[in-house]
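Descriptive analysis of the structure
Listed below are the residues making up each chain.
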Amino acid sequence: MARVFITQEMHGRNFLPARHYGKLVAVLPDNAQIVISATPVLRKIQRTFNDYSVDDYLLLSGDPIIMGLCMMVASEKTNGILRMLKWEKREKDYYEVTVDYYDKEKNYG
């Protein structure tokens, strides 16, 4: 089963509409901060993404640096193929956006 990795929880934000893409996995709590060094946060992200695969999704939320680190780690695991979820206000739902950084996958299905 695919998983949806939420980069950072956000107090008051409802991520439940994303669960039809897979099991929701919070990477970091809403109070996670990068103050002086990103290393402790990066290590936590690497542990959480240990078995991340091309079948999983990223839902970007929270601190932009945390989002970037999550994208970097996920991209390493999938050879540059990222499946992300983008919120559509009018439909009140998420839709998939696939990025193939190295143009390896020819059919995005």
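Everything below is about the structure shown above.
Residues numbered from 1 in each chain as written. Predicted model: local features only at pLDDT ≥ 70, side-chain atom pairs only at ≥ 80, totals over all residues. Heavy atoms only, no water.

1. Here's the deal with unusual backbone geometry
- At Asn79, a position not held by glycine, the phi torsion is positive, near 55°.
- Topologically, Asn79 is positioned in the loop between α2 (64–78) and β4 (81–88).
- Even without being a glycine, Lys92 presents a positive backbone phi close to 55°.
- What makes Lys92 exposed here is its relative accessible area of 60%. (Helix = DSSP H or I, 4+ residues; strand = E, 2+ residues; numbered from the N terminus. Buried < 20%, exposed > 50% of the residue type's maximum accessible area, 1.4 Å probe, protein only.)

2. Focus: the nonpolar core
- With 19 residues, the main nonpolar core has Ile45, Phe49, Leu58 and Ile66 as its most contacted residues.
- Breaking this core down by element, the ones donating at least two residues are α1 (39–48), α2 and β4.
- Look past the residues within four positions of Phe49 in its chain and what remains in contact with it is Phe5, Val27, Leu58, Cys70, Val73, Ala74 and Lys77.
- Judged by nonpolar contacts, the second largest core, of 10 residues, contains Ala2, Ile6, Tyr21 and Tyr57. (Core = buried A, V, L, I, M, F, W, Y, C linked by side-chain atoms within 4.5 Å. Contact = heavy atoms within 4.5 Å.)

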